[in-house]
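Here is what each chain is made of, one letter per residue.
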Amino acid sequence: MAISSLEEARVQNLPSSAYYIADFITKEEEQVLLSKIAAAPKPRWKQLSHRRLQTWPSDLTKSNILLDSPLPSWLLEPVVSRLLSYPLSAADSQTHIFSDSLHGWPNHVLINEYNSGQGIMPHKDGDAYHPVVCTVSLGSSLTLGIYGKTEDETTNTEPTWRILQEPRSLLITTDMLYKDYLHGIAEITEDVDLSPTTVSNWDLLGSPEDFTKGRYERSTRTSLTYRDVIKVSRLGSKFGILGK
Ligand SMILES: O=C(O)CCC(=O)C(=O)O
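The residue count restarts for each chain, going from 1 along the sequence in the order it is written. Reporting in this predicted model follows two pLDDT cut-offs: at least 70 for local features of residues, and 80 or more for side-chain atom pairs to be given and counted; totals over whole chains, interfaces and linings ignore these cut-offs and use all residues. Hydrogens and waters are ignored; side-chain quantities use all the structure's heavy atoms.

*Asks:* I would appreciate a short explanation of the sheet that holds strand β10 (residues 170-174) in the present structure.
*Replies:* Strand pairing within a sheet occurs via backbone hydrogen bonds; the two strands may be parallel or antiparallel. Criterion used throughout: strands pair if DSSP finds at least two bridges between them. Secondary structure counts use DSSP, requiring at least four H or I residues in a row for a helix and at least two E residues in a row for a strand, with both numbered from the N terminus. Read across the open sheet, the seven strands follow the order β1-β10-β7-β14-β5-β3-β2; overall the sheet is antiparallel. Edge positions in the open sheet fall to β1 (18-21) and β2 (46-47), since each of these has one partner strand only. By the bridge criterion, four bridges tie β1 to β10 in an arrangement that is antiparallel. Each bridged residue has a counterpart across the sheet, and for Y19 the counterpart in β10 is I172.

*Asks:* Looking at this structure, I do not really get the environment of Y181. What am I missing?
*Replies:* The residue Y181 is located in the loop between α4 (175-180) and β11 (182-185) in this model. Note: C-alpha distance between Y181 and Y20 (161 residues apart in sequence) is 18 Å. Residue contacts are defined here by distance: any two heavy atoms, one from each residue, within 4.5 Å place the two residues in contact. When residues no more than four places from it in sequence are discounted, the contact partners of Y181 are P15, H123, K124, I146, Y147, G148, W161 and M176.

*Asks:* I tried to follow the site of the ligand on my own but got confused; where do I start?
*Replies:* Residues are classed as near a molecule or strand on a simple rule: at least one heavy atom within 4 Å of it. Close to the ligand lie 13 residues; Y114, H123, D125, R221 and S223 are nearest. The separation between an oxygen atom of the ligand and a polar side-chain atom of D125 is 3.0 Å. With respect to the ligand, the side chain of S223 contributes an N or O atom lying 2.7 Å from an oxygen atom. We get accessible surface area from the Shrake-Rupley algorithm with a probe of 1.4 Å; when it comes to residues, only the shown protein chains can shield them. Protein contacts shield 94% of the accessible area of the ligand, which totals 290 Å² for the unbound molecule. Those elements giving two or more residues to the shell around the ligand turn out to be β5 (108-114), β6 (120-123), β11 and β14 (221-227). Here the shell around the ligand takes four residues from β14, the largest share from any one element. In this classification, Asp, Glu, Lys and Arg are treated as charged, Ala, Val, Leu, Ile, Met, Phe, Trp, Tyr, Cys and Pro as nonpolar, and every other residue, Gly included, as polar. For the shell around the ligand, a count of residues per class yields four nonpolar, six polar and three charged. Counted as a polar contact is a pair of N or O atoms within 3.5 Å, where, for protein atoms, one must be capable of donating a hydrogen and the other of accepting one, and residues adjacent in sequence contribute only when both atoms are in side chains.

*Asks:* What am I meant to see in the environment of G117 here?
*Replies:* By the secondary structure assignment, G117 is in the loop between β5 and β6. When its relative accessible area of 23% is taken as the criterion, G117 is described as partly exposed. Measuring from C-alpha to C-alpha, the distance between G117 and I188 comes to 4.3 Å, with 71 residues separating the pair along the chain. Excluding residues within four positions of it along the chain, G117 makes contact with E187, I188 and T189. Relative accessibility decides the category of a residue: with a 1.4 Å probe and only protein chains considered, values under 20% of the type maximum give buried, values over 50% give exposed, and everything between is partly exposed.

*Asks:* Which parts of the structure should I look at to understand the pattern of salt bridges?
*Replies:* Any two side chains of opposite charge can pair, given that their charged atoms come close. Any Lys or Arg side-chain nitrogen found within 4 Å of a carboxyl oxygen on Asp or Glu counts as a salt bridge. Evaluation of the coordinates by the stated rule reveals nine salt bridges. Taking the shortest distance from any N to any O, the salt bridge between E30 and R168 comes out at 2.8 Å. Of this pair, E30 sits in helix α1 (residues 27-39) while R168 sits in the loop between β9 (161-165) and β10, and the two are 138 residues apart along the sequence. For E30, a relative accessible area of 5% gives the class buried. Residue R168 is classed as buried on the basis of its relative accessible area, which comes to 15%.

*Asks:* How should I be thinking about unusual backbone geometry in this particular structure?
*Replies:* A negative phi holds for most residues other than glycine; trans holds for most peptide bonds. Cis geometry is found at the peptide bond from S16 to S17, where omega equals 0°. In this fold, S17 is placed in the segment before β1. Following W56, the chain continues to P57 via a peptide bond in cis, the omega torsion being -5°. By the secondary structure assignment, P57 is in the loop between β3 (52-56) and β4 (65-67). If you check the backbone angles, N13 has positive phi at about 60° while not being a glycine. Among the structural elements, N13 can be located in the segment before β1. Notably, D23 is not glycine yet its phi reads approximately 50°, a positive angle. Positionally, D23 belongs in the loop between β1 and α1. Residue classification places D23 among the partly exposed positions, given a relative accessible area of 42%.

Take it as geometry only, folks, not as evidence of what the structure does.
Below, the structure is given as structure tokens:
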């Protein structure tokens, strides 16, 4: 989707803020990313009970410190340069989504692979990161659930809102949505009850015709989540911070 500022991609009907850009990358770029991910040495994958995970450039230490190391070029181009090229608003062409983060761009990427039926429990991403997550989806669509609070301030067990993420799309979550709400992916093989009233970003979808039956059968979906880790150690390896 060609946009001149992120404001045009803002997801309405959600706590602030989420932005959704369909066709953020091309099919060819999606294939290159999938082949780079597949080519990573096997020990790069961490098998979790309901998904598998690669962490680039490395895991954080127990104190949430990133040992300084650049992201590989295939994770930077084209995703990061394209991401930073979108102004936040048309009125200010100099300010992008990472302008007020400490390092000014993402320094960390988690790659999650979900087979059909797999997902991730509702959670918050916490304060190790600047409160912006940029997610590029590959391979399959699925819905991300956002969990609101009930009147007695407990978290709902069912998602209050759902964001449909198509392959090649970019989703940015930030502000209150990042800090105050849980997000998760249900462990189901098919997303159902999909419609303009039940999907928050329906108006921004690239291929709404794929969902007109109101259902979508999932296949393997891979996500790349880009974040800026706040604490970075340039001396980490020298002084043995790793593992402490
Ligand atoms: O795969 C996704 O889109 C969500 C991943 C996620 O929730 C996380 O890494 O914290």
